[in-house]
Structure formats: C-alpha cells, structure tokens
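# Inside the fold
Okay, here's what each chain looks like letter by letter:
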Protein chains: 2
Amino acid sequence: MHLEIDPSSPEPLFNQIAAALRTALRTNELSPGEHLPPAKLLASELKVNLHTVLRAYAILRDEGLIEVRRGRGSVVVDQNRASFRRLDEAIHQVVAEARQLGLSPDQTADRIRHAF
Amino acid sequence: MHLEIDPSSPEPLFNQIAAALRTALRTNELSPGEHLPPAKLLASELKVNLHTVLRAYAILRDEGLIEVRRGRGSVVVDQNRASFRRLDEAIHQVVAEARQLGLSPDQTADRIRHAF
DNA sequence: ACCTATTTGTCCGTATGTATG
DNA sequence: CCATACATACGGACAAATAGG
C-alpha cells in the first residue's frame, strides 16, 4: 500500500492511518469495490500493531467509506452511496434528537435551512 | 457503582457497561455534574479490564452524555444540553453531506420533514 | 516552580472468539 | 474441517493532562 505515517507525530497513529486511507479513497487510488489490504498485512508494512490498523479501519467504516466484515476483509464503498448513507444516518439522528426535544418537523426543517 | 453485566452474553462487555451507564444517566442515578468512578476503580468492581471500561466511557463521550478528560475523570453532562449538542452536531453533518451531494436547503429540509 | 499522584489516551503483545470462504 | 480476517478482552508500558501539596 505505501502510506506515509510519522511515529513521532503527536497525532495518533490510527488517525494518521485513517487520514492517509481517506486521501487514497478520495483520489481513487483505492477504487470502489477494491479490497483494502488485510489489517495484519498493512500493520506489518507500516510496522505498527494490528490493533492500530483495525482501529483506523473501524473509523472509516463508521464514516461509511468502507465495509469491514469478519473473514471477508474490507472493501471500498462507492463514494456516492457512502455520501447518501451518511446523509440518511445524519437525518435519522436529527429526527431522533428533535423528537427528544419536542421540536416539530417544521421547526427542525427551519434549523436545517438556517444552518446552510 | 453496582452495574449488572453478564460475561457470558454475546453482547460485548463495553456495550453492556455503556448501556448500564446510559440507564443510570437516564434515571438520574447519575446526576449532571456528578463524577463517574475512575475507570480503574469501576473495572476492578466489575472484574473487567481497565480498557473495557475506558471504551465504554469513550462511547458515552461520543454520544455527548459525559465529558471525559485526562487527569480529571468523567463528569455527567446536563441531559438537555447534551441533547441540543447532539442535535447541532447531527444538523452539521446533514448540511455537510447535503452540500456534498448538491442538495438545496429546501430539498434537505423536505427530507427532514419526510423522515419525521 | 516542583514534585507526586491520579486519570485517561495510545500502543503494543497475546489469546481467544466469530464470521466468511 | 481448515485457513483467513476482523472483534473482543486481557495485560502491560508509557505518555499526557490535571489536581493538589
């Protein structure tokens, strides 16, 4: 894979790895459908612990950028699909919190427009 | 603290601990401003590893339910403030993704109303 | 200003479990 | 049944931020 990380940086290694992969995804160096290297392999290449890479993968998974499954490995998600997925997730969160706070749909929609 | 966890459950321990604490927060058994027990102490009480408790704390922090700081420990956040904080965060995410997808404010607001 | 103790954060290593192929 | 790959949990080491003396 060849990613640039700096062990002496104050930025945590798992964040550096996640950021480097995010860039690789954005530039299509890693394309949708393509497999990321197994965490164990990437860890040995970067000379970091397996958990450090797994944590970076988990971050990208939570961001909807990749799919991570036991036994199968990690696959790049179509970026447009990922974006819609994040939008739906965020909308779900907004609705849940708005309900919790007793806001009406119109009040919530207004907040969205105002935030634009 | 006295939380109920089941080591034989398929549910991960850190999720069980987070869920138990969430309940304690909801029922005001843990009140805003109050300190949670140091992770090390709670870990010994529950007979689990320190990291397992820290992971549960980190989840609650990401949910905006508590504030976790090195050296200071973890403090319960006012639930209403936490709810507004999460709403603002979710709205921010929605706007960011909607912009990414080229949606207009009105289109996005409509999606919110539809999701209600 | 210094030192110490406390508490969380990161990273490593190891072991074991679970899902997939 | 077996190999692969991620998931959880444990334990240990050290760092960084905070609080108190």
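So, here's what we can say about the structure. (Residues numbered from 1 in each chain as written. Chains lettered and ligands numbered in written order. Predicted model: local features only at pLDDT ≥ 70, side-chain atom pairs only at ≥ 80, totals over all residues. Heavy atoms only, no water.)

Roughly 330 Å³ of volume is contained in the second largest pocket. Along the walls of the second largest pocket sit Q100 and L101 of chain A together with R22, L25, R26, N28, E63, L65, Q79, N80, S83 and R86 of chain B, which together make up its complete lining. When residues of the lining of the second largest pocket are assigned to their parent elements, the largest contribution, 4 residues, is made by helix 4 (residues 79-101) of chain B. (1 Å grid on protein atoms, 1.4 Å probe; cavity = no way out; pocket = protein on both sides within 12 Å on 5 of 7 lines; lining within 4 Å. Points joined across faces, edges and corners; volume = space filled by probe spheres on them. Helix = DSSP H or I, 4+ residues; strand = E, 2+ residues; numbered from the N terminus.)

Glancing now at the protein's contact with DNA strand D. DNA strand D sits among 23 residues. The nearest are L13, H51, T52, R70 and R72 of chain B. Taken together, the sugar and phosphate atoms account for 73% of what DNA strand D places within 4 Å of the protein. Between a phosphate oxygen of DNA strand D and a side-chain N or O atom of R61 of chain A, the distance comes to 3.1 Å. Contact distances for DNA strand D include 3.3 Å between a base nitrogen and a backbone N or O atom of G71 of chain A. Looking at the surface near DNA strand D, the elements that each hand over two or more residues are helix 3 (50-62), strand 1 (66-69) and strand 2 (73-76) of chain A together with helix 1 (13-26) and helix 3 (50-62) of chain B. No other element matches the 4 residues that helix 3 of chain A contributes to the surface near DNA strand D. Class assignment of the residues belonging to the surface near DNA strand D gives a composition of 9 nonpolar, 8 polar and 6 charged. (Near = heavy atom within 4 Å. Polar contact = N/O pair within 3.5 Å; in protein donor to acceptor, adjacent residues only side chain to side chain. Nonpolar A, V, L, I, M, F, W, Y, C, P; charged D, E, K, R; others polar.)

Attention now goes to the protein's contact with DNA strand C. Around DNA strand C, a shell composed of 23 residues is seen, among which L13, F14, N49, H51 and T52 of chain A lie nearest. Among the atoms of DNA strand C close to the protein, meaning within 4 Å, 74% are from sugar or phosphate groups. At 2.4 Å from a phosphate oxygen of DNA strand C is found a main-chain nitrogen or oxygen belonging to L13 of chain A. Between DNA strand C and N49 of chain A there is a distance of 2.8 Å, counted from a phosphate oxygen to a backbone nitrogen or oxygen. No other element matches the 4 residues that helix 3 of chain B contributes to the surface near DNA strand C. Considering only residue class, the surface near DNA strand C consists of 9 nonpolar, 8 polar and 6 charged.

Attention now moves to the packing of aromatic side chains. Counting across every chain of the model gives 0 aromatic pairs over all chains. The ring of F14 of chain A is capped by R55 of chain A, whose NZ or CZ atom sits 3.8 Å from the centre of that ring. (Phe/Tyr/Trp six-rings, centres within 6.5 Å; stacked < 30°, edge-to-face > 60°. Lys NZ or Arg CZ within 6 Å of the ring centre and 35° of its normal.)

Going through the model one piece at a time under the given rule, you end up with 11 salt bridges over all chains. Between D62 of chain A and R61 of chain A there is a salt bridge, and its shortest N-O distance comes to 3.4 Å. As a salt-bridge pair, R22 of chain B and E63 of chain B come within 2.9 Å of each other at their nearest N and O atoms. Here E63 of chain B lies in the loop between helix 3 and strand 1 (66-69) and R22 of chain B lies in helix 1, a separation of 41 residues in the sequence. (Salt bridge = Lys/Arg side-chain N within 4 Å of Asp/Glu carboxyl O.)

Attention shifts here to the side chain of E97 of chain A. The topology assignment puts E97 of chain A in helix 4 (residues 79-101). Side chain to side chain, E97 of chain A and S83 of chain B meet in a polar contact 2.9 Å long. Here E97 of chain A is in contact with S83, R86 and L87 of chain B, once residues within four sequence places are set aside. (Contact = heavy atoms within 4.5 Å.)

What follows deals with the interface of chain A and chain B. Each partner contributes to the interface: chain A provides 27 residues, whereas chain B provides 27 residues. Between chain A and chain B lies a buried interface of about 2,600 Å² when both sides are counted; carbon and sulfur atoms form 75% of it. Broken down residue by residue, the surface that chain A buries against chain B is led by L87, L101 and F116 of chain A, which jointly contribute 25%. For the interface between chain A and chain B, the tally reads 4 salt bridges. (Buried area = accessible area lost by both parts, 1.4 Å probe.)

Keep in mind these values describe shape, not function.
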